[in-house]
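# Coordinate analysis (summary)
What follows is each chain in one-letter form.
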Amino acid sequence: AGVSAHADGDKAVVRAPLREQDASIGAEERRTDIKVVLVSPQIPPNTGNVARTCAATGCGLHIVGPVGFDLDDKKLRRAGLDYWPSVFQTQHKDWASFYEYFMTQAKEPKRLIAFSKFGSRSHTAVQYQPGDWLLFGSEIDGLPPDAHEASDLIVRIPSIEKHV
């Protein structure tokens, strides 16, 4: 229960809360104007922290494989604490299946905004708008080239790279 899937060849889209979705969460608490996408996350606590933020803001979370850990990982659950039932998450097998899914979503304006060290403009210089999908890549490899190519904007969060 709580898991639904549709398959298109070997590309699957899976809606799978780590625990049953909280029945007390109404549609009015779910934001549809902005979505967060983690592409090939590798560190369980980072993913758990992002999931907790998505639960707190009502944003949908899309997890794109391959994922570097089991989504039932103890560290992931600990970082997400008791928020997992409140996370509206969708899992995608790989970038191609995510992008196919993205392209089938509502036709109103939508943008893929990639966060990358290769971005030429600061994330604070962007006018975010309804329909934005915020892409974050693997902590190890960043976003794949296909994600950069598909993105409408590539922005950078300034950081001192020699320390990370």
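Details of the structure are given in the entry above.
For the rest of this paragraph, the subject is the overall build of the protein chain. From N to C terminus, the protein chain includes four helices and nine strands. Starting at the N terminus, the α and β elements of the protein chain follow one another as β-β-β-α-β-α-β-α-β-β-β-α-β. When the 164 residues of the protein chain are sorted by exposure, 41% land in the buried category. Taking the intrachain contacts of the protein chain between residues at least 6 apart in sequence as the baseline, contacts between residues at least 24 apart amount to 72%. As presented, the protein chain carries roughly 9200 Å² of accessible surface, and 54% of it is formed by carbon and sulfur atoms.

Strand residues, when the strand is regular, have side chains that alternate between the two faces of the sheet. With five of its five residues buried, strand 6 (residues 111–115) lies for the most part within the structure. Where burial is concerned, the two faces of strand 6 agree: the one with R111, I113 and F115 and the one with L112 and A114 are both buried. One ladder, built from five bridges, connects strand 6 with strand 8 (residues 132–136); its direction is parallel. By the bridge assignment for strand 8, F115 is matched with F136. Inspection of the sheet shows strand 6 paired to strand 9 (residues 153–156) by three bridges, in the parallel sense. What sits directly across from I113, in strand 9, is L153.

This next bit is on helix 3 (residues 95–104). Looking only at helix 3, the buried set comprises W95, S97, F98, Y101 and F102. Buried positions in helix 3, seen along its axis, are confined to an arc of 165° and lie on one side of it. Regarding helix 3, its N-cap is D94, as a side-chain oxygen of that residue lies 3.3 Å from the backbone nitrogen of A96 further along.

In this structure, L61, V87 and I113 are the most contacted members of the largest nonpolar core, which totals 19 residues. Going through the elements one at a time, strand 3 (34–39), helix 1 (44–57), strand 4 (60–64), strand 6 and strand 9 are the ones with two or more residues in this core. In this view, I113 contacts V126, Y128, D132, W133, L134, L135, L153 and V155; residues no more than four positions away in its chain are not counted. Judged by nonpolar contacts, the second largest core, of 14 residues, contains V37, L112, A114 and A147.

End to end, helix 1 covers 20 Å across 14 residues, agreeing with the expected 20 Å (1.5 Å per residue, within 8%). If you check which residues of helix 1 are buried, you get P44, T47, G48, A51, C54 and A55. Across the axial projection of helix 1, the buried residues extend over an arc of 120°, all falling on one side. Looking at the residues trailing helix 1, positive phi occurs at G58, about 80°.

Attention now moves to the pairing of strand 3. For strand 3, a buried count of six out of six residues is recorded, marking the element as mostly surrounded by other parts of the structure. Side chains of strand 3 alternate between two faces, with I34, V36 and L38 and K35, V37 and V39 buried alike. With five bridges joining them, strand 3 and strand 8 adopt parallel strand pairing. Bridge pairing links K35 to W133 in strand 8. The handedness of the strand 3 to strand 4 crossover, carried by helix 1, is right-handed.

Attention shifts here to the side chain of H148. Relative to the helices and strands, H148 resides in helix 4 (residues 145–150). Taking the relative accessible area as the measure of exposure, H148 reaches 18% and is therefore buried. When near neighbours in sequence (up to four residues on either side) are disregarded, H148 contacts S116, F118, L143 and I154.

Rules and cut-offs
Residues numbered from 1 in each chain as written. Predicted model: local features only at pLDDT ≥ 70, side-chain atom pairs only at ≥ 80, totals over all residues. Heavy atoms only, no water. Helix = DSSP H or I, 4+ residues; strand = E, 2+ residues; numbered from the N terminus. Buried < 20%, exposed > 50% of the residue type's maximum accessible area, 1.4 Å probe, protein only. Contact = heavy atoms within 4.5 Å. Areas by Shrake-Rupley, 256 points an atom, 1.4 Å probe, with all protein chains shown as cover. Pairing = 2+ DSSP bridges. Arc of directions from axis to C-beta. Polar contact = N/O pair within 3.5 Å; in protein donor to acceptor, adjacent residues only side chain to side chain. Core = buried A, V, L, I, M, F, W, Y, C linked by side-chain atoms within 4.5 Å. Expected span 1.5 Å × (residues − 1). Right-handed = clockwise from strand over helix to strand, strands pointing away.

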